[in-house]
Amino acid sequence: MLFYFSLFLFFVTLYNWAIRNNSKCLLLIAAIPPILLEGLRDENVGRDMMVYGAPWFYDMNTGYSLWDVIENSSTPEYGYMYVIYFCKKICPDIHLYMTVCATIKLLMVYFAAFKMRKAIHSTVFIFAYYCFFYVTTFSLMRQGIAVAICIYSLTYFLEHKMKMFVVFIIIAYFFHNSAVLMLLFFPIYYIRNMRFKYSIIILGIIFFYTSIEFLFPLLINTSLFKSSMVELYIDSGVPSAKTNILITIIFVIYGGFLNIMKWKKYNERVFLLLTSSMISLMFLFLASYIEVAFRMSYYTFFMSMLLTFFFVKQNRRLREISLITYMFLFLLHFYIECSHGLSDALKYSSKILNI
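A.B. asks: Any chance you could explain the overall build of the protein chain here in plain terms?
C.D. replies: Helices and strands together make up the secondary structure of the protein chain, namely 17 helices and zero strands. In terms of overall dimensions, the protein chain is globule-like: its C-alpha atoms have a radius of gyration of 20 Å, near the 20 Å expected for 355 residues. Overall, the C-alpha framework of the protein chain stretches about 60 × 50 × 40 Å when taken along its three principal axes. Looking at the protein chain as a whole, 55% of its 355 residues qualify as buried.

A.B. asks: I would appreciate a short explanation of the side chain of Ser122 in the present structure.
C.D. replies: Examined against the element boundaries, Ser122 turns out to sit in helix 7 (residues 122-134). In terms of polar contacts, Ser122 uses its side chain to reach the side chain of Tyr15, at 2.9 Å. Ignoring any residue separated from it by four or fewer positions in sequence, one finds Ser122 in contact with Tyr15, Ile19, Ala113 and Arg117.

A.B. asks: Looking at this model, I keep getting lost on the pattern of salt bridges. Mind explaining?
C.D. replies: Two side chains bearing opposite charge may form a pair once their charged atoms approach each other closely. Going through the model one piece at a time under the given rule, you end up with eight salt bridges. In this structure, Glu77 and Arg142 form a salt bridge, with 2.6 Å as the shortest nitrogen-oxygen distance. A residue pair is termed long-range when its members are at least 10 positions apart, and Glu77 in the loop between helix 4 (66-71) and helix 5 (78-90) and Arg142 in helix 8 (residues 141-157) qualify at 65 residues. Considered together, Glu77 and Arg142 belong to a single accessibility category, that of buried residues. Note that Glu159 is salt-bridged to Lys115, the shortest N-O span being 3.7 Å. Residue Glu159 is found in the loop between helix 8 and helix 9 (162-173), and its partner Lys115 is found in helix 6 (residues 94-115); the two are separated by 44 residues along the sequence. Among the residues examined, Glu159 registers a relative accessible area of 37% and is labelled partly exposed. By sharing partners, the salt bridges in this structure join Lys115, Glu159 and Lys161 into a single network.

A.B. asks: What is the right way to read helix 2 (residues 24-39) from this model?
C.D. replies: The periodicity of an α-helix, 3.6 residues per turn, causes residues three or four places apart in sequence to face the same way. The end-to-end C-alpha distance of helix 2, which contains 16 residues, comes to 22 Å, matching closely the 22 Å that a straight helix rising 1.5 Å per residue would cover. Its maximal kink placed at Ile32, helix 2 deviates by approximately 30°, while the proline Pro33 follows within four residues. Taken together, the buried positions of helix 2 are occupied by Leu26, Leu27, Ala30, Ala31, Pro34, Ile35, Leu37, Glu38 and Gly39. Buried-residue contacts for helix 2 involve helix 1 (2-20), helix 6 and helix 7.

A.B. asks: Teacher, can you tell me more about the environment of Tyr134 here?
C.D. replies: Considering the arrangement of structural elements, one finds Tyr134 in helix 7. Separated by 100 residues in the primary sequence, Tyr134 and Pro34 have C-alpha atoms spaced 9.1 Å apart. Once residues lying within four places of it in the same chain are set aside, the contact partners of Tyr134 are Phe8, Phe11, Pro34, Leu37, Glu38, Leu106 and Tyr129.

A.B. asks: What is the right way to look at unusual backbone geometry in this model?
C.D. replies: For residues that are not glycine, phi is negative in most cases, and the peptide bond is trans in most cases. The phi dihedral of His160 is positive, around 65°, even though this residue is not glycine. Position of His160 relative to the elements: it lies in the loop between helix 8 and helix 9. Even without being glycine, Asn354 reaches a positive phi, approximately 60°. Looking at where Asn354 falls in the secondary structure, it is placed in the segment after helix 17 (319-339). With relative accessibility at 71%, the residue Asn354 sits in the exposed group.

A.B. asks: Explanation requested: the environment of Leu258 in the structure shown.
C.D. replies: Along the chain, Leu258 turns up in helix 14 (residues 242-260). Sequence separation between Leu258 and Ser23 is 235 residues, and the spatial gap between their C-alpha atoms is 33 Å.

A.B. asks: Explain the state of the cysteines here, please?
C.D. replies: Think of a disulfide as a covalent bridge from one cysteine sulfur atom to another cysteine sulfur atom. One pass over the structure, following the stated rule, counts zero disulfides. Lacking any disulfide linkage, Cys91 is separated from the closest cysteine sulfur, that of Cys87, by 8.9 Å. A relative accessible area of 25% places Cys91 in the partly exposed class. Distance from the sulfur of Cys131, which forms no disulfide, to the nearest cysteine sulfur (Cys338) is 9.2 Å. Residue Cys131 is classed as buried on the basis of its relative accessible area of 2%.

What counts, and at which threshold
Residues numbered from 1 in each chain as written. Predicted model: local features only at pLDDT ≥ 70, side-chain atom pairs only at ≥ 80, totals over all residues. Heavy atoms only, no water. Helix = DSSP H or I, 4+ residues; strand = E, 2+ residues; numbered from the N terminus. Rg over C-alpha atoms; globule rule 2.2 N^0.38 Å. Buried < 20%, exposed > 50% of the residue type's maximum accessible area, 1.4 Å probe, protein only. Polar contact = N/O pair within 3.5 Å; in protein donor to acceptor, adjacent residues only side chain to side chain. Contact = heavy atoms within 4.5 Å. Salt bridge = Lys/Arg side-chain N within 4 Å of Asp/Glu carboxyl O. Expected span 1.5 Å × (residues − 1). Bend = angle between axes of the 7 residues up to and from the residue. Disulfide = S-S within 2.5 Å.

Structural data, given as structure tokens:
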């Protein structure tokens with residue numbers, strides 16, 4: 001744990017150096033160390049690397065045409081397959097592909113934070129991202145990229161630039177099909193000014209949660225699931241992610257507090273914070289029934305995180321204590337994840353870096 005935490009502090013310091021100088025060039029330089037740490041690790045660091053990472057890389061036939069890559073893909077995640085294809089074509093060493101994946105992820109997150117640096121405490125957001133998701137993506141290779149692209153797409157959503165928002169959702173979808181969940185933000189966006197918007201959201205969440213046994217067979221036939229793996233999803237629940245739930249509940253409470261305080265200037269964003277947090281919480285509770293629900297929660301969770309740090313910056317009276325509290329919560333999450341092995345990424349090793 002101390003190995004990763006000390007590096008997180010170093011990475012965050014580099015990011016802070018870049019934004020203090022308001023320089024995209026320095027931002028790119030700051031992204032290099034975390035990219036290399038991830039990209040040059042041994043290929044067995046991260047549980048899913050041995051499922052969707054290394055096997056897919058070594059099985060890729062570089063003699064394929066671009067169309068052959070699509071025809072022989074077992075998933076609609078063609079963007080991910082093309083990354084493997086072109087990286088292996090350029091260099092048979094798997095670390096090029098791993099480094100390219102790390103580059104896409106880190107740059108999307110860094111550019112999103114940099115773009116919103118005047119609206120949120122972006123340095124604290126980057127710290128929270130490292131504690132919550134950075135090492136986790138050593139395992140979630142495809143979804144890690146998709147979530148990072150979706151984080152960047154949220155910057156357009158919050159600016160009401162819906163066309164660009166959709167463009168990045170489509171790109172994310174071709175790295176992991178769960179990105180289609182970002183479309184949930186469309187109905188949320190269009191009811192944001194309705195009188196009974198909270199009632200609609202709460203009733204919708206209750207209906208979905210209580211009807212999951214009926215809805216699940218229907219959802220299996222959507223792009224969120226692979227038809228060849230349907231039986232694996234049934235009764236595939238995982239133990240409750242307690243710190244994820246704790247942080248999300250605090251997001252809900254914070255959103256409720258803001259709603260009571262009647263922040264008329266930011267009424268729309270208060271609604272988005274409360275709604276995204278409640279949906280995340282629903283997915284986290286559903287994870288005890290179906291494992292994939294746990295991963296669904298990431299998309300709305302990061303919206304909640306961005307908006308929380310936005311409101312923390314607006315509240316000057318409680319800014320410092322709020323930032324310290326959230327940093328502690330994310331650090332607690334990382335500690336708990338380390339105690340569970342960090343999805344087989346806790347013991348970092350790299351022959352290239354001699355670690």
